[in-house]
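# Descriptive structure summary
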Amino acid sequence: MAIARYLVKKSVASIQKETEKGELHRSLSALNLISLGIGCIIGTGIFVMTGQAAAQFAGPAIILSFLMTGFCCAFVALCYAELASMLPVSGSAYSYAYASLGEFPAWFVGWLMLLEYGIAGSTVAVGWSGYLVSFLKDFHIMIPPEWIAATGTHLVWVPGSEGWKELTEELTKDLAAKHLMLATLPQATAIFNLPAALGLMGVTALLVMGVKESATVNNIIVFIKVTVIILFIAFGAFYIDPANWHPFLPENTGEYGHFGPSGLMRGAGYIFFAYVGFEAVSTAAQEAKNPQRDIPIGIIGSLAICTVLYILVSLVLTGIVKYSTLNVPDPIAVAVDAIHLPWLAFTVKIGAICGLSSVMLVLMYGQTRIFYTMAHDGLLPPVFAKVHPKFKTPWVNTIMVGIIAAVVAGMTPIEALGDLVNLGTLIAFTIICFTVMYLRRKAPEMERPFKVPAPMITPIMGMLSCAALISTLWATFVALIPYFLLGFAIYFGYSQFHSKLHPKNI
């Protein structure tokens, strides 16, 4: 009986009834939702991780890693689309798990999604800060080094056009090769990444004002960054040297994940972050004009468009310059610098800043809507569900999430969080695929405006694909154990007693 309490399910009928209340304003079309998905997907992955994954794991064969990850996400996207058409409610995977697996598994999914959206937003803000600092430097606007990196980061001034860089082993070797003595160069220790924090606070203010206004700004940003990416592909294609594609898949170095077949898998796990975002469309279900039709279009459409763009960018990027030179924060800028088109390099930085801005916007949006739904269910304090009387947005929730994300962004380096986001997302995706199978058996009579093809095969393929990528992140899973324990403590200490499905609250 005690165990059954933690597996109590929120009925599908009650979830569907909540969507009829109309507390949130329905203003998003299918085009808005595709733009929302593209806005979240295209960002850190294409502007940063593409080059890093090629340099460290797969070489030019990184396009195969993108195909592998896209293959995995396609199965998951189909499952998301079916669930979103059945249950057009804010909360995404959390709400779906509540209807199929029960309360405690739903809480666990919601806790994982904090990694996917909240911490991912902080991670993206750090990348946004790097491009912004570089862009301002081109205009001789220099932000003091103490305020451009995570707390405690050791920075050194590199002569020439490079500016302040984090002092790493690779940089030390590079300086020695250039006959530069480290002791003679200006150095500094960062206090806080101020641009990253301010960027997140700006996004927070925009989200408080209203989702319609946020969607309009996002549409403009998405147009700019997609245009920039297409320009890079179109102009860069003329400067491809096929010799840079050889070897296509470098031989393994003797260490798992460093080139060779295992490098393809490790690369796929690493760049999974680049695909995080297509499922964010489902969190907008209560604000979509026609959720049963538009949510599946938004999810699948944004995923398909972004997969094609990733593959084309990878081909051009590794064709212009040798893959081994791309282990930098701005690989696309390195490529356009190599072909001596200053105007394109300038444009790429603008596109990166815009692109990462829209990613922050959508990630923060998704996190606040998940907390909104969890608070409605009693699993979080009611303040997270408080809606502004004028803007019709969960404003207190949004401000709280924004402040926390800004502090994390200001104090945490980008490389410390990427695999955490990937692992949390993959586990949540696995649960999504299982949920489709469960509801097909337990609620076959439910209306499904969109149906997963091959319903007993597609979800299984999605789960197996996610499990394969999870296996490349085992060390990260162990590191997350304290985070899991904290989530359990919150649930058993607060959430279970305040749940609307707790016997004393019914």
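## Details of the overall build of the protein chain
Summing up its helical and strand segments, the protein chain has 19 helices and three strands in all. In the protein chain, the share of contacts with a sequence separation of at least 24, taken over all contacts with a separation of at least 6, comes to 82%. Carbon and sulfur atoms make up 71% of the accessible area of the protein chain, which totals about 19800 Å².

## Describing the environment of Leu317
Considering the arrangement of structural elements, one finds Leu317 in helix α12 (residues 291–320). Considering only alpha carbons, one finds Leu317 and Asn244, 73 residues apart in sequence, at a separation of 9.8 Å. Not counting the four nearest positions on each side in its chain, Leu317 is found in contact with Thr50, Gly51, Phe232, Leu326, Pro331, Ile332 and Ala335.

## Quick look at the nonpolar core
With 152 residues, the main nonpolar core has Ile42, Phe47, Tyr80, Phe232 and Phe278 as its most contacted residues. With 21 residues, the single largest contributor to this core is helix α7 (residues 103–138). Excluding residues that lie within four positions of it along the chain, Phe278 makes contacts with Ile41, Cys73, Val76, Ala77, Tyr80, Ile299, Ser302, Leu303 and Phe429.

## Regarding the packing of helix α4 (residues 44–58) against helix α11 (residues 260–270)
One can describe the packing of α4 onto α11 by two numbers: an axis separation of 9 Å at closest approach and a directional angle of 155°. Of the possible angle classes, the one that applies to α4 and α11 is roughly antiparallel. Regarding α4 and α11, the two cross each other, and that crossing is right-handed. Contacts between α4 and α11 pair Met49, Gln52, Ala53, Gln56, Phe57 and Ala58 from the former with Gly263, Leu264, Arg266, Gly267 and Tyr270 from the latter. Among the residues making up the contact of α4 with α11, the classes are represented as six nonpolar, four polar and one charged.

The rules behind these values
Residues numbered from 1 in each chain as written. Predicted model: local features only at pLDDT ≥ 70, side-chain atom pairs only at ≥ 80, totals over all residues. Heavy atoms only, no water. Helix = DSSP H or I, 4+ residues; strand = E, 2+ residues; numbered from the N terminus. Contact = heavy atoms within 4.5 Å. Areas by Shrake-Rupley, 256 points an atom, 1.4 Å probe, with all protein chains shown as cover. Core = buried A, V, L, I, M, F, W, Y, C linked by side-chain atoms within 4.5 Å. Buried < 20%, exposed > 50% of the residue type's maximum accessible area, 1.4 Å probe, protein only. Axes fitted to C-alpha atoms, helices over the stretch in contact; angles between N-to-C directions. Parallel < 35°, antiparallel > 145°, perpendicular 65-115°, else oblique. Left-handed = near helix turned anticlockwise from the far one by under 90°. Nonpolar A, V, L, I, M, F, W, Y, C, P; charged D, E, K, R; others polar.

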